[in-house]
Amino acid sequence: MRLPPGSCACAGAALPLASAAMTTKKTTKKARAKRRPARMPKDWPQPFFEVLSAADPHPTTELNYTSPYTLVVAVALSAQATDKGVNLATEKLFKLANTPEKMVALGEDKVRELIKTIGLFRNKAKNVIALSQKLINEFDSEVPQSREALESLPGVGRKTANVVLNVAFGEPTIAVDTHIFRVSNRTRLAPGKNPLQVELGLEKIVPPEFKLHAHHWLILHGRYVCKARKPDCAKCAVYKYCLWPEKAPLEAEDI
Ligand code: SF4
């Protein structure tokens, strides 16, 4: 049984549900996207992260790596590819080359052959060799711990640098990928037109105690629950803290 339009599905929740039924036919999609619920709890988004934290206290990347170097390579390979696909490719690659020296010795042709199952493999093979060479030449074969130095490596942008700083060095950075971008906009955690706007928005609103893991909680939430085409609102742990006006109304049995 569906709830009547405008009623709140969450017992005790302070948020009114702005269901799809409240939108008029004349309302444009853009206008709906901008609308926020009339009332927002004072402590929002604290409970949003408390729920994610309770469900998964120690989240981590799903990419396989054994060192900061293999992490940089794995993250650089993950653009427009799934973690699963990258792990299949790096399983063979890292057995042959898990240091910058071994990677350079392996050579671009062999790297390309080993990673040919993932998207943009030609360019990525070139970058893996170039970044390995640069680590040898300028960083004593060590992965640097500053964003600026990381971003100077071929194939390493702000997102990859943020992942490495967070996962390898424990810094509370938030790397905005496609999942975090979508979840942050939908839930109204940190609306933004581009990844940098979303990242800076999240920096401002994520409570300090949740900053270290916010990146992974949001990625995993976007990957498995708040999916791009059909968000699984009925199974969403943060349903009552999500401010998306178009989230699916709950069925009575889900309340
Ligand atoms: S309620 Fe739906 S739209 Fe909101 S975060 Fe959960 S899955 Fe995403």
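Check the entry above for the structure.
K.L.:
Would you mind going over the environment of His221 in detail, with residue names and values included?
P.N.:
Checked against the element boundaries, His221 lands in helix 12 (residues 211–224). As for His221 and Leu52, which are separated by 169 residues in sequence, their C-alpha atoms are 8.4 Å apart.

K.L.:
Can you explain the packing of helix 3 (residues 68–77) against helix 7 (residues 121–138)? Please cite residues and give values.
P.N.:
For the pair helix 3 and helix 7, the least separation of the axes is 10 Å and the interaxial angle reads 155°. As judged from the angle between their axes, helix 3 and helix 7 are roughly antiparallel. By crossing handedness, the relation of helix 3 to helix 7 is classed as right-handed. Contacts between helix 3 and helix 7 involve Val73, Ala76 and Leu77 from the former and Lys124, Asn127, Val128 and Leu131 from the latter. Of the residues in the contact of helix 3 with helix 7, the class split is five nonpolar, one polar and one charged.

K.L.:
Please provide a residue-by-residue account of the environment of Arg147, values included.
P.N.:
When you line up the elements, Arg147 lands in helix 8 (residues 147–151). Separated by 17 residues in sequence, Arg147 and Val164 place their C-alpha atoms 9.1 Å apart.

K.L.:
Describe helix 12, with residues and values.
P.N.:
Compared with an ideal rise of 1.5 Å per residue, which puts 14 residues at 20 Å, helix 12 spans 21 Å between its outermost C-alpha atoms and is within 8% of the ideal. Counting buried positions along helix 12 gives ten out of 14 residues, so the element sits mostly inside the fold. Residues of helix 12 that are buried include every one of His213, Ala214, His215, His216, Trp217, Leu218, Ile219, Leu220, His221 and Gly222, and no others. Looking at the buried residues of helix 12, the elements they touch are helix 2 (46–55), helix 9 (158–167), helix 10 (178–187) and helix 11 (195–205).

K.L.:
Describe the packing of helix 2 against helix 12, listing the residues and the values that go with them.
P.N.:
Packing of helix 2 against helix 12 leaves a shortest axis separation of 10 Å and a crossing angle of 80°. The orientation of helix 2 with respect to helix 12, classified from their angle, is roughly perpendicular. Along the contact surface, helix 2 presents Phe49, Leu52 and Ser53, while helix 12 presents His213, Ala214, Trp217 and His221.

K.L.:
Explain the nonpolar core residue by residue, including any values.
P.N.:
Of all hydrophobic cores here, the largest spans 59 residues; its most connected members are Leu71, Val72, Ala76, Val111, Val128 and Val164. Per-element accounting of this core gives the leading share, eight residues, to helix 3. Once residues within four sequence positions are removed from consideration, Val164 is found in contact with Pro68, Leu71, Val72, Val75, Val143 and Leu150.

K.L.:
So what about unusual backbone geometry? Which residues, and what values?
P.N.:
Residue Trp44 is joined to Pro45 through a cis peptide bond whose omega torsion reads 10°. On the secondary structure map, Pro45 appears in the loop between helix 1 (29–34) and helix 2. With a phi angle near 55°, Leu120 is a residue other than glycine that sits in the positive phi range. If you trace the backbone, Leu120 turns up in the loop between helix 6 (108–114) and helix 7. Using a count of 14 C-beta atoms within 10 Å as the deciding quantity, one classes Leu120 as partly exposed. With a phi angle near 50°, Asp140 is a residue other than glycine that sits in the positive phi range.

K.L.:
Can you break down the environment of Ala125 residue by residue, with the values?
P.N.:
Looking at the secondary structure, you find Ala125 in helix 7. Classification of Ala125 by C-beta neighbours within 10 Å gives buried; the count is 23. Residues Ala125 and Asp109, 16 residues apart in the sequence, show an inter-C-alpha distance of 7.9 Å. Non-local contacts of Ala125, meaning those with residues more than four positions away in its chain, are made with Glu108, Val111, Arg112 and Ile115.

Calculation criteria
Residues numbered from 1 in each chain as written. Predicted model: local features only at pLDDT ≥ 70, side-chain atom pairs only at ≥ 80, totals over all residues. Helix = DSSP H or I, 4+ residues; strand = E, 2+ residues; numbered from the N terminus. Axes fitted to C-alpha atoms, helices over the stretch in contact; angles between N-to-C directions. Parallel < 35°, antiparallel > 145°, perpendicular 65-115°, else oblique. Left-handed = near helix turned anticlockwise from the far one by under 90°. Contact = placed C-beta atoms within 7 Å. Nonpolar A, V, L, I, M, F, W, Y, C, P; charged D, E, K, R; others polar. Expected span 1.5 Å × (residues − 1). Buried ≥ 20, exposed ≤ 12 C-beta atoms within 10 Å, placed from the backbone. Core = buried A, V, L, I, M, F, W, Y, C linked by C-beta atoms within 7 Å.

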